[in-house]
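Survey of secondary and tertiary structure
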Amino acid sequence: MKRRPIVAGNWKMHKTTKETEDTILSLKNLISDVFDREIVICPPFTALYSAISSAKGSNIKIGAQNMYFEEKGAFTGEVSPIMIKDLGCEYVIIGHSERRQYFYETDNIVNRKVVSAIKHLLTPIVCIGETLQERETNKTFQVVETQIHGAFKSLSSEQMVKCVIAYEPVWAIGTGKTATKEQAQEVHSYIRHLLSKMFSKDVADQIRILYGGSVKPENMADLMSQPDIDGALVGGASLEAESFSKIIKY
Ligand code: PGA
């Protein structure tokens, strides 16, 4: 089954509104001839408006890096799905390992956010992945299974096909240490197998599973040669238009 690749940039806590505008305007020129894959940029909340204005009329789509699951209310400091949708966002990253690690997001919170994102017609990019210690003690599959069940257990097949998954081994994030294509493929294929058991083979075949963790222009093509790798979620190497455009055009 042919799945449309997605190359998404996660800018994390980087870039002001002006820096966002400059980067997106440069990127626009570099990738204006790419139409066979989805290109997504996820800037911080404060730069979303600037990103959406700068990306207008191009093939670049914009996503948020997080959201709260409630629509509105007394939740100081939080941002709702209605608010990011209203700006023009089409995607939202959910359950990134930094959110799990520093802001104590649990699988249960991830699940509530996924359900809320779909309800508000946002495509959730749901992150999962094991730590180095978990990999070294042979717990990778167990951890991935717990996270996949936790994030998607309550979804119908119709909801599930609207999700994108990003497998991001925590030990590969920001470390320069990319998983080999074999290591990534092994987990991607396991995730697809889990989805096929939880939903159906048809659902599992439709879901895009992105790899994330030190993706660079030099290793993207290798990763994309694998049958179950459908794109990438890129941190550091997405901050500059030049390097991100090379990844997009792998
Ligand atoms: P990295 O980050 O590409 O800088 O390793 C990836 C991510 O955290 O999404």
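Residues numbered from 1 in each chain as written. Predicted model: local features only at pLDDT ≥ 70, side-chain atom pairs only at ≥ 80, totals over all residues. Heavy atoms only, no water.

1. Here we look at the packing of helix α7 (residues 140-152) against helix α9 (residues 181-198)
Which entries qualify depends on this criterion: For every element, the axis is a line fit to its C-alpha atoms; helices are fit only across the contacting stretch, and the angle between N-to-C directions ranges from 0 to 180 degrees. Secondary structure counts use DSSP, requiring at least four H or I residues in a row for a helix and at least two E residues in a row for a strand, with both numbered from the N terminus. By definition in this entry, angles of less than 35 degrees are roughly parallel, angles greater than 145 are roughly antiparallel, angles of 65 to 115 are roughly perpendicular, and the rest are oblique. Note: crossing handedness is left-handed where the near helix turns anticlockwise from the far helix by less than a right angle, and right-handed where it turns clockwise. Should any heavy atoms of two residues lie within 4.5 Å, those residues are considered in contact. We call Asp, Glu, Lys and Arg charged. Ala, Val, Leu, Ile, Met, Phe, Trp, Tyr, Cys and Pro are nonpolar, and the rest, Gly among them, are polar.
Where α7 contacts α9, the axes come no closer than 10 Å and their chain directions differ by 45°. Classed by the angle they form, the pair α7 and α9 counts as oblique. In this structure, α7 crosses over α9, and the sense of that crossing is right-handed. Residues Thr-140, Phe-141, Val-144, Glu-145, Ile-148, His-149 and Phe-152 of α7 pack against Glu-186, Val-187, Tyr-190, Ile-191, Leu-194, Leu-195 and Met-198 of α9. Tallied by class, residues from the contact of α7 with α9 come to ten nonpolar, two polar and two charged.

2. Re the environment of Lys-85
The criterion, for reference: Distance and chemistry together define a polar contact, namely a pair of N or O atoms within 3.5 Å, with one atom able to donate a hydrogen and the other to accept it when in protein, and with adjacent residues in sequence counting only for side-chain atoms on both sides.
By the secondary structure assignment, Lys-85 is in helix α3 (residues 81-87). In this view, Lys-85 contacts His-120, Leu-121 and Leu-122; residues no more than four positions away in its chain are not counted. From its side chain, Lys-85 meets the backbone oxygen of Leu-121 in a polar contact 3.1 Å long.

3. Brief notes about the site of the ligand
What counts, and what does not: Near residues are defined by distance, with any heavy atom within 4 Å of the molecule or strand qualifying the residue. Residue-level accessible areas treat just the shown protein chains as cover; the underlying method is Shrake-Rupley with a 1.4 Å probe.
With respect to spatial proximity, 13 residues lie near the ligand, and among them Lys-12, His-96, Glu-168, Gly-174 and Ser-214 are the closest. Between the ligand and Ser-214, the relevant distance is 2.7 Å, taken from an oxygen atom to a main-chain nitrogen or oxygen of the residue. In this structure, Gly-236 approaches the ligand through a main-chain N or O atom, which is 2.9 Å from an oxygen atom. Burial of the ligand by the surrounding chains reaches 95%, relative to a free accessible area of 280 Å². Taken together, the residues of the shell around the ligand sort by class into four nonpolar, seven polar and two charged.

4. Side note on the pairing of strand β5 (residues 123-128)
A regular strand places its side chains on the two faces of the sheet in alternate fashion. Inclusion rule: Relative accessible area decides the class of each residue, using a 1.4 Å probe on protein chains only: under 20% of the type maximum gives buried, over 50% gives exposed, and in between gives partly exposed. Should DSSP find at least two bridges between two strands, the strands are regarded as paired.
Among the six residues that make up β5, five are buried, leaving the element largely enclosed by the rest of the structure. Note: strand β4 (residues 91-94) against β5, four bridges, orientation parallel. Looking at the pairing, Ile-93 lines up with Ile-125 of β5. Summarising the sheet, β5 and strand β6 (residues 164-167) pair through four bridges and their orientation is parallel. Bridging from a neighbouring strand, Ile-128 pairs with Tyr-167 of β6.

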